Structure formats: structure tokens, C-alpha cells
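# Report on the structure
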Amino acid sequence: MSQTNGCNGHSKDSVLEFSWKVGLLNCKTKYLTAESFGKLNITGTALKKKQVWTLEHDRNSDDKANEGDIYLRSPQTEDTYVSSDKYGNVKLTEKGDDCKFRVEYGGDKYSGLWAFRNVNYGTLLGTAPKDEVTCFQKGKPAEMEYWTVQLSIHPQVNIRNINRKRYAHLCNDELQCTEVIPWGAEALIILEFHKGKYALKTSDDRYLNCDGTLSTDCTDDSAETKFTLEIRSGKDAGLAFKDCEQRYLTSIGSTATMKARNMTVTKDELFSIEDSHPQVLFISEAGKMASIKQGVDISANQTEESETETFQTEYLPELNKWAIRTCKATYWAVVNPGSGIQANSKEIKDTSLFDIEWQGDGTVGIKAHNGKYVSHKSTGAMAATADALEEKERYKVKITNRPQLILRCQHGFVGPKSSTSSELVCNKASATILFLEGSNDGTYAMKDSKGKYWSISEDSHISPDGDTPTPFTIEFLKQTIVTIKGPNGRYLKGEQNGNFRVVAEEVGPDTYWEF
């Protein structure tokens with residue numbers, strides 16, 4: 001089996017690689033909303049669960065003329081889609097010919113907007129009186145048939161060029177698509193939504209310009225930093241980014257520098273947007289880091305942090321297991337005799353599957369496929385030989401590729417309650433960047449852009465008003481899901497009303513944070 005970074009949180013081996021979660025806003029800035037019993041309206045004022053649609057590429061659209069064909073899957077159920085009949089009535093039904101739409105892109109004053117034309121009838125999905133949905137108009141789309149498409153994803157992503165099969169990262173004051181594995185914070189890109197367009201923000205808080213340079217500002221007047229999205233279906237499915245002069249981002253030259261150049265879309269202009277895996281250090285009780293500095297053998301014998309001490313942890317949802325990848329694109333595996341741990345496999349095998357068991361104090365036990373825990377000898381050599389967790393089987397974990405942190409839960413993003421209150425809430429519509437400071441003792445401190453640390457009030461709310469760090473522990477449960485535990489032993493809990501407090505005694509959906 002093989003595994004790479006997931007597209008929108010999904011495995012690239014899955015049909016869901018060709019899916020995107022989106023919100024659709026009409027000209028009145030209201031969201032398309034799925035109600036009960038297959039009904040739809042356009043009344044949503046925020047991007048919540050009922051407003052998040054799955055845009056599925058038509059994988060059979062190999063014809064160039066049909067490469068914009070898509071299906072819109074309902075937020076309510078996994079097997080119903082937006083459909084239209086010949087009379088223009090719109091409802092949710094099982095997937096069929098009436099559910100296929102072709103995307104058309106607006107120009108001039110409608111630049112950046114999408115129209116959805118039913119393939120069977122040639123009619124356009126649009127807004128009817130009383131915020132109802134219709135699909136009746138033919139001909140050229142007008143204001144009532146255009147939609148703003150907003151990606152409903154965690155905005156901190158990796159971007160991969162489809163043709164080069166390489167990831168973008170910050171290098172020499174450019175975004176270059178040259179990495180086989182998106183390594184380190186330099187490969188994290190924040191997609192900022194600006195009135196229907198997107199800006200690409202680097203790990204050092206700069207924005208990509210259409211000419212490939214980077215700038216510190218992205219204002220309403222900064223047209224050169226904003227791109228509209230287009231999709232392509234078929235075997236080369238992906239996203240294209242179009243600039244204000246109708247040119248598409250591509251990667252150019254031996255450095256694969258990202259800049260806008262061509263006015264047509266080929267594989268060179270297509271990208272995938274993928275969730276980022278946690279990259280971590282494993283630190284033994286002796287304070288030594290696991291490393292491949294000495295070769296393929298994994299040994300906990302290093303005191304200085306570098307790429308050879310950093311490992312990418314990849315969650316395999318179909319197996320509920322983890323694989324651990326090195327900077328050289330090899331995986332940890334148990335080898336016989338002796339059950340030693342080596343980074344000797346280019347693919348994930350049974351011997352490369354591990355359970356990562358959190359101990360509640362920032363440490364983990366790593367259990368191999370043979371049922372034994374990974375321990376280490378006095379030389380640092382690591383092997384899966386222990387039946388129980390003792391000191392030598394516990395490793396502190398330090399996340400290295402998230403110096404900037406964006407937290408999102410089922411209710412929204414974490415951010416300040418208001419312009420006059422620094423108290424944090426968890427139901428904000430837009431993202432706020434936090435800053436993460438990791439320690440080798442397995443704890444973390446969080447702070448805001450002004451350098452103020454998170455502190456816990458008497459009623460367990462969080463506010464960034466501290467002058468000294470408050471230690472939290474972070475445990476990642478899946479590829480992009482973590483829980484956060486405070487020094488009081490309780491987990492951070494998010495509530496629908498925005499309450500963001502360290503009060504939960506048990507782990508559950510209200511304590512899950514996408515990061």
C-alpha cells in the first residue's frame with residue numbers, strides 16, 4: 001500500500017481525491033442551504049454544516065469540452081445530489097443524469113464567479129424570488145445565476161503541482177514547486193478568502209504576487225495578490241488559480257517558481273490542495289531525539305534538531321494506524337531478527353504500521369505490528385521489544401511544522417470574541433493565526449500576534465493576556481485532528497455559543513480541533 005498527503009483530508013488513493021467541500025453564495029451573499037426532506041433554499045448567513053456541499057469531479061469527463069462537469073452532493077446525506085428537472089424544479093435526489101452540472105466562469109464584472117449549467121437541460125442554477133432555488137434560465141448567465149465559491153477547508157494547506165508532482169515551499173524569496181515531501185513550516189501555505197478570491201500566504205506572512213514575487217500586504221486594492229479558482233475534471237483533475245489579467249499560476253523553469261504566465265490551462269497550471277501531516281520529534285526520557293543521522297537505523301541518540309530528527313506521522317484511516325516517514329521519504333519498519341527499527345521502506349508495509357498511544361502527559365507509547373512497544377537501548381538503538389510501557393518506552397512529542405497555528409472546530413474558527421474583548425471563542429467565521437511554542441518536555445505554549453500568552457481565567461475561559469507561558473499538551477488523534485489539555489487536566493471544549501473553555505473531562509467531538 002502507499003500513502004501520500006491527503007486531498008482535503010482524503011487519501012489520494014480514494015475517489016474522494018476528486019472532491020472539494022465548498023459553500024455557495026449567491027448575489028445577495030446568502031448560502032445555498034440543504035434542509036430536511038430533500039428541500040433547498042438560499043437563506044444561510046454563515047458557512048455551517050447545512051451549507052457545506054461536496055463538489056465532486058466527473059471522473060469520466062475525458063472530453064476537453066466537458067472537463068468542468070461536476071456533481072453537488074448534499075451536506076445532509078452521502079447519497080443525494082442537487083438535481084433539476086425540465087421545468088426548472090430543484091431538489092435533492094439520488095445521483096443521476098439530472099444531477100450533472102457544467103461549470104462556467106464569469107468575466108468582466110462577474111470575474112471570479114461561477115455559474116452551474118445543468119448538462120441535460122442547458123438551464124442555470126440560480127436564485128428565485130423568496131430565496132428559493134431554481135434552474136430554469138437558459139442563455140448567458142446573469143447576476144442571479146452567478147455564485148461565489150468558498151472552499152470549506154482548513155486554510156493551512158500544502159499545494160502540489162499536478163504535472164511536476166512536487167509541492168510548493170518557500171525558498172529563496174519565492175514559492176517553488178520542488179519538494180517531493182512538503183517538509184517543514186516552509187511548505188505550509190495559508191489560503192485567505194477575500195470576497196470571492198484567494199490569496200496565498202507563506203509561512204513568513206508574505207503574499208504571492210502574480211509575477212512570482214512576495215509582498216507583505218494584501219489589501220482590497222492589491223489585485224496582484226488575489227486569484228480566482230477554476231476546476232478541471234477528468235484524469236487530470238485539479239484546481240487552477242487565475243490572476244487579475246486572466247493568466248494562470250504555473251511553475252516555471254528549473255526552480256519551478258510559481259507565477260502567472262499562460263492564459264490556458266494544462267497540467268502545468270493545475271494544483272491539488274492537501275492537508276498537512278504533523279511533523280514531529282520523538283524525544284526519549286534521556287532527552288535524546290530519535291534520528292536517522294547514522295543511516296537507516298533509528299536511534300534515540302541526538303541532542304540537536306535537524307531534518308534527520310524530524311519525522312512525518314501519517315494517519316491511515318482505513319486501518320486506524322500510523323506510519324512514520326523520514327525526510328528521505330522512507331518509512332519506519334520493524335526488521336528481524338531483533339525487531340529493530342529501520343527506515344528502509346519506500347512504501348507502507350505491515351511492518352510499517354504503528355499505534356501511537358498518548359499517555360496524557362505529552363508522551364506516547366509506540367506499539368509496532370508485533371504487539372511490542374518501541375524501546376531503546378543504552379546506545380540509543382530502537383527496537384519493538386517491550387511488553388509494557390516503562391520509562392524507556394515513553395517518548396515526548398514535539399510538533400515542528402506548526403509555528404503558526406489555526407484552530408477550527410465544528411462551530412467555526414478560534415479567534416477573539418470582539419474588537420474590544422481578547423477572550424477567545426470558537427465560532428468565528430474567519431481564521432485567526434496563533435503562534436505555537438513547543439518545548440522538549442512535551443508541552444506547548446500558545447500566544448497571539450502581539451506576543452501575549454494564553455491564560456486560563458477562573459471560569460476556565462482562554463484569553464491571550466499572559467506575560468508568561470501556560471503549559472498545554474497537544475495530542476493528535478488523526479492526520480489533522482488534535483485535542484488540547486490544560487494544566488488543570490481538562491480538555492479544551494468548544495460549544496455552539498462560542499464558549500472556548502478548559503472544562504472537558506473526556507475526549508469527544510466537542511474537544512476535537514482541526515489544526
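Computed from a predicted structure; not experimentally measured. (Residues numbered from 1 in each chain as written. Predicted model: local features only at pLDDT ≥ 70, side-chain atom pairs only at ≥ 80, totals over all residues. Heavy atoms only, no water.)

## What about the overall build of the protein?
Within the protein one finds 0 helices and 49 strands. Scaling as 2.2 N^0.38, a compact globule of 515 residues should have a C-alpha radius of gyration of about 24 Å, and the protein matches this with 24 Å. Projected onto its principal axes, the C-alpha positions of the protein cover 75 × 55 × 45 Å. Out of the 515 residues belonging to the protein, those deemed buried represent 56%. Accessible surface, the protein: about 22000 Å² in total, of which carbon and sulfur atoms supply 45%. Of the side chains in the protein, 63 bear a positive and 72 a negative charge, and the two mean positions are spaced by 3 Å. (Helix = DSSP H or I, 4+ residues; strand = E, 2+ residues; numbered from the N terminus. Rg over C-alpha atoms; globule rule 2.2 N^0.38 Å. Buried < 20%, exposed > 50% of the residue type's maximum accessible area, 1.4 Å probe, protein only. Areas by Shrake-Rupley, 256 points an atom, 1.4 Å probe, with all protein chains shown as cover. Lys, Arg positive; Asp, Glu negative; His and termini not counted. Charge placed at Lys NZ, Arg CZ, Asp CG, Glu CD.)

## Examining the state of the cysteines
Per the counting criterion, the structure on display carries 0 disulfides. No disulfide involves Cys27; its nearest neighbouring cysteine sulfur is the one of Cys135, lying 16 Å away. Take Cys27: its relative accessible area is 31%, and that puts it in the partly exposed class. (Disulfide = S-S within 2.5 Å.)

## Describing the pattern of salt bridges
What the rule picks out here adds up to 26 salt bridges. One salt bridge in this structure joins Arg73 and Glu56, with 2.4 Å as the shortest N-O distance. Within this pair, whereas Arg73 is found in strand S5 (residues 69–73), its partner Glu56 is found in strand S4 (residues 53–57), the two being separated by 17 residues in sequence. Relative accessible area serves as the criterion here: at 6%, Arg73 is assigned to the buried category. For Glu56, a relative accessible area of 10% corresponds to the buried category. Across the pair Asp204 and Arg206 runs a salt bridge, and its minimum N-O distance is 2.9 Å. (Salt bridge = Lys/Arg side-chain N within 4 Å of Asp/Glu carboxyl O.)

## With respect to the UniProt feature "domain: Fascin-like" (unreviewed entry) in the protein
Here, UniProt's "domain: Fascin-like" (unreviewed entry) annotation points to residues 30–149, 158–272, 287–396 and 422–515. Taken end to end, residues 287–396 is 0% helix and 45% strand, and its two terminal C-alpha atoms sit 9 Å from one another. For residues 422–515, helix accounts for 0% and strand for 48%, while the C-alpha atoms at its two ends are 21 Å apart. (UniProt positions renumbered as here; feature names shortened; annotations may be inferred.)

## A short note on the packing of aromatic side chains
Counted under the stated rule, the structure contains 16 aromatic pairs. Centre to centre, the rings of Phe311 and Trp332 are 5.2 Å apart; their planes meet at 80°, and the pair counts as edge-to-face. Separated by 21 residues along the polypeptide, Phe311 in strand S28 (residues 311–316) and Trp332 in strand S30 (residues 331–335) bring together distant segments of the chain. When its relative accessible area of 0% is taken as the criterion, Phe311 is described as buried. Taken together, a centroid distance of 6.1 Å and an interplanar angle of 90° make the contact between Trp332 and Phe354 edge-to-face. Taken together, the positions of Trp332 in strand S30 and Phe354 in the loop between strand S31 (340–345) and strand S32 (355–358) put the pair 22 residues apart, joining distant regions of the chain. Like Phe354, Trp332 is buried. Of the aromatic side chains, those joined through ring pairs into one cluster are Phe282, Phe311, Trp332 and Phe354. Here Lys95 stacks its cationic end above the ring of Tyr71, 4.4 Å away from the centre of that ring. A cation over an aromatic ring shows up here: Arg402 above the ring of Phe515, its NZ or CZ 4.5 Å from the ring centre. (Phe/Tyr/Trp six-rings, centres within 6.5 Å; stacked < 30°, edge-to-face > 60°. Lys NZ or Arg CZ within 6 Å of the ring centre and 35° of its normal.)

## Points about the nonpolar core
Counting residues in each nonpolar core, the largest one holds 49 residues, and the members touching the most others are Phe116 and Leu200. In terms of residue count, strand S1 (residues 19–25) provides more of this core than any other element does, 3 residues in total. In this structure, this core is formed jointly by two domains, domain 1 (3–151) and domain 2 (156–275), each of which donates at least three residues. If we skip the residues at most four places from it in the chain, Phe116 touches Leu24, Ile70, Phe101, Arg102, Val103, Thr123, Leu124, Leu125, Trp147 and Val149. Formed by 48 residues, the second largest nonpolar core is a distinct cluster that contains Ile366, Ile399, Phe472 and Phe476. (Core = buried A, V, L, I, M, F, W, Y, C linked by side-chain atoms within 4.5 Å. Domains from an automatic or database assignment. Contact = heavy atoms within 4.5 Å.)

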